[in-house]
Amino acid sequence: MKLRDIIGNEILNQINADQDKTNRDGFPFVSDLRPGSTVLSVFKVHSKRIQEARDGKKFLLLTLSDKTGAIRAIDWFNAERNDSTLEQGMVVRISGRVAVYEDRIQLNLDSEGIQILQVGQYDYERFMAVTTKDIPRMYDDLLSLVGRMRDDYIRALLKDIFENDKKFIEKFIVSPAASKVHHAYKGGLLEHTMSVAELCEFFATKYGDSVDGDLLVAGALLHDIGKVYEYTITPNGIERTNDGELVGHIAMGIEMVSKAISKIQGFPRYLQTEIKHLLLSHHGEMEWGSPVIPKTTEAIVLHMADDLDSKVAQFREIEEREFNGSTASWSNYDRFLNRRVFMKNRRSGDSNS
C-alpha cells in the first residue's frame, strides 16, 4: 500500500503546494536577496541584540527570517527605539539595501526601515517552512518498515496506527516535530521519525545480539506520535494545543498505543509494557520530560538515536539559517545547545580557520 492509496490525491496536491517556494505575496524571500539590491519585504524577527561600535554609536543587530532562511540586518538609525519595541517572533516590513560584510550578506536598514505588522497584514505561510524531503516517499518507506516486522503483534499494532487511521495519517505527515528546537516545520515529525527509525534499524543490526530489532524500530516509529495532537499551526506559527500543554505528547502517545493494542486479540502483556516503556523513557532523563529513565537496552538505544537526530538537526538548521558566506564562520550563541556553532561551507568543503 502507498500513501496515495490511503489519503488520496487532494491532500498530496496540497503538500506539493506547501513545498512550492513561490512568493505569492510579491515580497522577496531571504533566498532571493542579492548584494547591491534594494529590498522591501516582510520577515520575522528571529533574534535581536543592541551593540556598540568602536566610536560609541549604538546599533541594533537583527536576525530576520522566513521559511527559506535568515539574514543578518543592521539598524544604525533607530537602534534603541527598535530594541525596546521589537520582540522575538514579531513580523515586520523592512526596507534597506543588501550588502556584503565579512563574507556574509547583510541587510542595512533605511532610516525608517522597520514597521511592525499585525496578524492579517501578512501571509503567514511565508514563515511556515516545509520539509525539503519527499513526503510520500518517506511515508512509503515507513510502511515498508512496518511490512518487514516479523512479530505479528507489533506489525498489527503499527498497521492499525499507520495504515488504518486515516485522520491520524493526514495529520502525521504534515505535523512539525517541535515548535522551535528541531524539525520545527511542516513534515518535520515524519522526517524526524524516519531518521530515528532508520538509525534504530542500523543499530538493531549492529547490536543484534543485544536488542530486539522489531521492538526497537517499533519504538522509533511510535515514540513521538502524540505530537500530532501536541502542536497546531496558526497564523502566529507553531503553537502548543491545550492538550499539548496540559497532557503532553508522551502521555497522549501512550493513550494512542493503548487504544490500538486493545483492538488486537491476545496482545502479550509483557510486549505492551516494553513498548510503553520505550515511549515513556525516550527523553532519557526525568528532568528532560521522561516519567522514567531508560531501563532496557532498546530504550537506551532509542533515546540515543532520538537525541542524535535532534542534535544533528539543530546544528544543520543553525547553519542553514545563519551561514551566508563562502568561508567558515561562527553562529550566534544558541540557547538550546548552549554554544556557538562553527559553520562551514558544505558545498565547497571550505573550513578555513
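In the block above lies the structure referred to throughout.
Residues numbered from 1 in each chain as written. Predicted model: local features only at pLDDT ≥ 70, side-chain atom pairs only at ≥ 80, totals over all residues. Heavy atoms only, no water.

Visitor: I tried to follow the sheet that holds strand β5 (residues 104-117) on my own but got confused; where do I start?
Guide: In a beta sheet, neighbouring strands pair by backbone hydrogen bonds and run either parallel or antiparallel. Pairing in this closed barrel of 5 strands is mixed, and the strands run β1-β2-β3-β5-β4 around the ring. Put simply, the sheet's adjacent strands are angled 50° from each other on average, direction ignored. (Pairing = 2+ DSSP bridges. Helix = DSSP H or I, 4+ residues; strand = E, 2+ residues; numbered from the N terminus. Axes fitted to C-alpha atoms, helices over the stretch in contact; angles between N-to-C directions.)

Visitor: Can you help me understand the pairing of strand β4 (residues 91-101) in this one?
Guide: In the case of a regular strand, side chains alternate between the two sheet surfaces. Two strands pair when backbone bridges link them, and strand β1 (residues 38-52) and β4 are joined in this way by 7 bridges, in the antiparallel orientation. Paired with K44 across the strands is V91, a residue of β4. In terms of strand pairing, β4 meets β5 through 10 bridges, oriented antiparallel. When the bridges of β5 are listed, Y101 appears paired with R104. Here β4 hands over to β5 after 2 residues, with E102 in that stretch at a positive phi of 50°.

Visitor: I would appreciate a short explanation of the side chain of D75 in the present structure.
Guide: Relative to the elements of secondary structure, D75 occurs in strand β3 (residues 69-75). Here D75 is buried and forms no salt bridge, its nearest opposite-charge partner R81 lying at an N-O distance of 6.5 Å. A distance of 3.0 Å separates a polar side-chain atom of D75 from the backbone nitrogen of F77. (Buried < 20%, exposed > 50% of the residue type's maximum accessible area, 1.4 Å probe, protein only. Lys, Arg positive; Asp, Glu negative; His and termini not counted. Salt bridge = Lys/Arg side-chain N within 4 Å of Asp/Glu carboxyl O. Polar contact = N/O pair within 3.5 Å; in protein donor to acceptor, adjacent residues only side chain to side chain.)

Visitor: For this particular structure, what's the right way to read the pattern of salt bridges?
Guide: Two side chains of opposite charge can pair, provided their charged atoms sit close to one another. According to the stated counting rule, one finds 13 salt bridges in the structure shown. Its salt-bridge partner being K58, residue E80 comes within 3.5 Å of it at the nearest N-O pair. Taken together, the positions of E80 in helix α3 (residues 79-85) and K58 in strand β2 (residues 58-66) put the pair 22 residues apart, joining distant regions of the chain. We classify E80 as exposed; its relative accessible area is 53%. Residue classification places K58 among the partly exposed residues on the basis of a relative accessible area of 37%. Beyond isolated ion pairs, a larger network of salt bridges with shared partners links E191, R316 and E317.

Visitor: Is there a simple way to think about helix α5 (residues 152-162) in this case?
Guide: Spacing of three or four residues puts side chains on the same side of an α-helix, whose turn is 3.6 residues. Every buried residue of α5 is accounted for by I154, L157, L158, D160, I161 and F162. Those residues of α5 that are buried are in contact with α1 (3-7), α4 (135-147), α6 (166-172), α8 (213-222), α11 (249-261) and α12 (269-281). Of the residues flanking the start of α5, the one acting as N-cap is D151, its side-chain oxygen 2.9 Å from the backbone nitrogen of Y153. (Contact = heavy atoms within 4.5 Å.)

Visitor: What is the right way to read the side chain of N82 from this model?
Guide: Tracing the backbone shows N82 in helix α3. For N82, a relative accessible area of 6% corresponds to the buried category. Not counting chain neighbours up to four residues away, the residues in contact with N82 comprise L60, D75 and I114.

Visitor: Looking at this model, I keep getting lost on the environment of E322. Mind explaining?
Guide: Relative to the helices and strands, E322 is located in helix α13 (residues 297-322). Between the alpha carbons of E322 and N332 there is a distance of 8.1 Å; along the sequence they are 10 residues apart. The contact partners of E322, leaving out residues within four places of it in the chain, are R104, S331, N332 and M343.

Visitor: Would you mind going over the packing of α8 against α12 with me for this structure?
Guide: Two numbers describe a pair of packed helices, the interaxial angle and the distance between the axes. Two elements in contact, α8 and α12, have axes separated by 9 Å at closest approach and are oriented at 50°. Regarding the angle of α8 to α12, the classification is oblique. Our pair here, α8 against α12, has a crossing hand that is right-handed. Together, L215, G219 and L222 of α8 and L271, E274, I275, L278 and L279 of α12 make up the contact between the two elements. Of the residues in the contact of α8 with α12, the class split is 6 nonpolar, 1 polar and 1 charged. (Parallel < 35°, antiparallel > 145°, perpendicular 65-115°, else oblique. Left-handed = near helix turned anticlockwise from the far one by under 90°. Nonpolar A, V, L, I, M, F, W, Y, C, P; charged D, E, K, R; others polar.)

Visitor: Mind showing me how you'd approach α11 here?
Guide: In a regular helix each residue adds 1.5 Å, so 13 residues correspond to 18 Å; α11 covers 18 Å between its end C-alpha atoms and thus fits that length. Every buried residue of α11 is accounted for by H249, I250, M252, G253, I254, M256, V257, A260 and I261. At its buried positions, α11 is contacted by α5, α6, α8, α9 (227-230), α10 (242-246) and α12. (Expected span 1.5 Å × (residues − 1).)

Visitor: What is the right way to read the nonpolar core from this model?
Guide: A general tendency of soluble globular proteins is for nonpolar side chains to be buried together. If you look at the biggest cluster of nonpolar residues, it comprises 56 residues, and the most contacted ones within it are Y139, L142, L157, F162, L221, L222 and I275. Among the elements that make up this core, the one with the highest residue count is helix α7 (residues 188-206) (8 residues). Among all residues touching L157, those that are not within four sequence positions of it are L222, V257, A260, I261, I264, F267 and I275. Formed by 19 residues, the second largest nonpolar core is a distinct cluster that contains L33, V45, I94 and L109. (Core = buried A, V, L, I, M, F, W, Y, C linked by side-chain atoms within 4.5 Å.)

Visitor: Help me understand the packing of aromatic side chains in this model?
Guide: Aromatic ring pairs are reported here in terms of the distance separating the ring centres and the angle at which the planes meet. One pass over the structure, following the stated rule, counts 10 aromatic pairs. With a centroid separation of 6.3 Å and an interplanar angle of 70°, the aromatic rings of Y139 and F172 are classed as edge-to-face. Linking Y139 in helix α4 with F172 in helix α6, this pair joins segments that are 33 residues apart in sequence. Grouping residues by exposure puts Y139 and F172 together as buried. Cluster of aromatic residues (ring-pair linked, three or more members): Y139, F162, F168 and F172. (Phe/Tyr/Trp six-rings, centres within 6.5 Å; stacked < 30°, edge-to-face > 60°.)

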